[in-house]
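Observations on chain architecture
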Amino acid sequence: ARLEAPDALGPVALVEGDAPDEVRRLAASIVARYGKSRAESRVRVEWREGGRAELLERLGRHLDAAEAWGRARDGDRERQALEQAALQASVPAHALERLAELRQASGDPRGAAEILRRLAALRPGRAGATLAMRAFGLDGDPSSLDVAITCDPSLVQARAERALLQADADPAQALADAG
């Protein structure tokens, strides 16, 4: 990571690896102390990790790039890297969870629900059903209820919601779900 005081002439610090907060504070104080503005009571110091993340993206290491963008607190770039990683069939569940969070935070509830349904299908039982119900709450897509019931056939809430949606079109199935 690169550490610099953009409003003052002076040193730039390069820190290798993922530095804990106390190392970040120490490095920032060194940059501020030896900069041309050391007489100032406060000096703005920036911690930039984007260079490494950009390199990881170019290498096709999108999950690693997403982690680096996350450390750099650049949610938009983190989401973009996770979008690329999600195109792979073997993306880890934690990456899909984070992508759903970022999509929802960026005002894309349908996109978040899509990822939650995908993640729910990977998790059997109540855990998967709960994710599918979260997806249903975000976009109201009935396919979320189907995923929830597939994950946990005993989930009453999913069956009741599906029964309400099917009551007019398929009363027999609605009764089966409600019963």
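Residues numbered from 1 in each chain as written. Predicted model: local features only at pLDDT ≥ 70, side-chain atom pairs only at ≥ 80, totals over all residues. Heavy atoms only, no water.

1. Some remarks on the overall build of the chain
The test is simple: Counting from the N terminus, the helices are the DSSP runs of H or I reaching at least four residues and the strands are the DSSP runs of E reaching at least two. Here the globule rule is a power law, 2.2 Å times the number of residues to the power 0.38, and the radius of gyration is based on C-alpha atoms. Two residues form a contact once any of their heavy atoms are found within 4.5 Å. Per-residue accessibility takes into account occlusion by the displayed protein chains alone, with areas from the Shrake-Rupley method and a 1.4 Å probe. Counted charges follow a simple rule, with Lys and Arg positive, Asp and Glu negative, and His plus the chain ends left uncounted. All charge positions are set by atom: Lys at NZ, Arg at CZ, Asp at CG, Glu at CD.
Across its full length, the chain carries 10 helices and 3 strands. Shown N-terminal to C-terminal, the secondary structure of the chain runs as helices and strands in the order β-β-α-β-α-α-α-α-α-α-α-α-α. In terms of overall dimensions, the chain is more spread out than a globule: its C-alpha atoms have a radius of gyration of 24 Å, far above the 16 Å expected for 179 residues. Oriented by its inertia axes, the alpha-carbon framework of the chain measures out at about 80 × 35 × 25 Å. For the chain, the proportion of contacts with a sequence separation of at least 24, taken over those separated by at least 6, is 38%. When the accessible area of the chain is evaluated, it comes to approximately 10,800 Å², of which 51% is carbon and sulfur surface. Charged side chains in the chain number 26 positive and 29 negative. The centres of these two groups are separated by 7 Å.

2. Focus: the environment of V156
With respect to the secondary-structure elements, V156 resides in helix α9 (residues 156-166). C-alpha of V156 to C-alpha of R118: the two residues are 38 residues apart in sequence and 21 Å apart in space.

3. Thoughts on the environment of P124
The cut-off we apply is this: A 1.4 Å probe rolled over the protein chains alone gives each residue an accessible area, and that area as a share of the maximum for its type sets the label: buried under 20%, exposed over 50%, partly exposed in between.
Here P124 is to be found in the loop between α6 (109-122) and α7 (125-139). Take P124: its relative accessible area is 70%, and that puts it in the exposed class.

4. Quick look at a nonpolar patch on the surface
Note the threshold: Patch definition: residues with relative accessible area over 30% and no salt bridge; like charges joined within 9 Å; nonpolar side chains (Val, Leu, Ile, Met, Phe, Trp, Tyr) joined within 5 Å. Whenever Lys or Arg places a side-chain nitrogen within 4 Å of a carboxyl oxygen from Asp or Glu, that contact is recorded as a salt bridge.
Judged by side-chain polarity, L26, I30 and Y34 come together as a nonpolar surface patch covering roughly 330 Å² of accessible area. Among the structural elements, Y34 can be located in helix α1 (residues 21-34).

5. Side note on the packing of α6 against α7
Rules: Axis lines are fitted through C-alpha atoms, for helices just across the contact stretch, and the angle between N-to-C directions can take any value from 0 to 180 degrees. Angular relationships are summarised with four words: roughly parallel below 35 degrees, roughly antiparallel beyond 145, roughly perpendicular across 65 to 115, and oblique for the angles in between. By definition, turning the near helix anticlockwise from the far helix through less than a right angle yields a left-handed crossing, and turning it clockwise yields a right-handed one.
Closest axis-to-axis distance for the α6/α7 pair is 8 Å, and the angle between their directions is 165°. The angle between the axes of α6 and α7 places the two elements in the roughly antiparallel class. Crossing handedness for the pair α6 and α7: left-handed. Every residue of α7 that contacts α6 at P109, R110, A112, A113, L116, R117, L119 and A120 is listed here: G128, L131, A132, R134, A135, L138 and D139.

6. A closer look at the pattern of salt bridges
This model, assessed by the stated rule, comprises 12 salt bridges. Close ionic contact of E97 with R123 constitutes a salt bridge, the shortest N to O distance being 2.4 Å. Here E97, found in helix α5 (residues 93-105), pairs with R123, found in the loop between α6 and α7; they are 26 residues apart in sequence, far enough to count as distant. The class for R123 is partly exposed, based on a relative accessible area of 26%. Note that R162 and D146 form a salt bridge whose closest N and O atoms lie 3.0 Å from each other.

7. Here's the deal with the nonpolar core
Rules: Joining through side-chain atoms within 4.5 Å is the link that ties buried Ala, Val, Leu, Ile, Met, Phe, Trp, Tyr and Cys residues into a set, and such a set is a nonpolar core.
Ranked by size, the top nonpolar core spans 34 residues in total, and within it L82, L96, M133, A148, L155 and A158 carry the most contacts. If you list the elements that add at least two residues to this core, you get α2 (50-58), α3 (62-71), α4 (75-86), α5, α6, α7 and α8 (142-151). Among the elements that make up this core, the one with the highest residue count is α7 (6 residues). Excluding residues within four positions of it along the chain, L155 makes contact with R126, A129, M133 and A148. Counting residues in each nonpolar core, the second largest holds 9 residues, with A8, A13, V15 and V31 among its members.

8. Points about the environment of A176
Relative to the elements of secondary structure, A176 occurs in helix α10 (residues 171-178). Sequence separation of A176 and R159 is 17 residues, and the distance between their C-alpha atoms is 8.8 Å.

9. Concerning α6
Worth spelling out the cut-off: Expected helix span is given by 1.5 Å per residue-to-residue step, counting one fewer step than there are residues.
Given a rise of 1.5 Å per residue, 14 residues ought to cover 20 Å, and the 20 Å separating the end C-alpha atoms of α6 matches this to within 8%. Every buried residue belonging to α6 is among G111, A112, A113, I115, L116, R117, L119 and A120, and all of these are buried. Buried residues along α6 sit against α5, α7 and α8.

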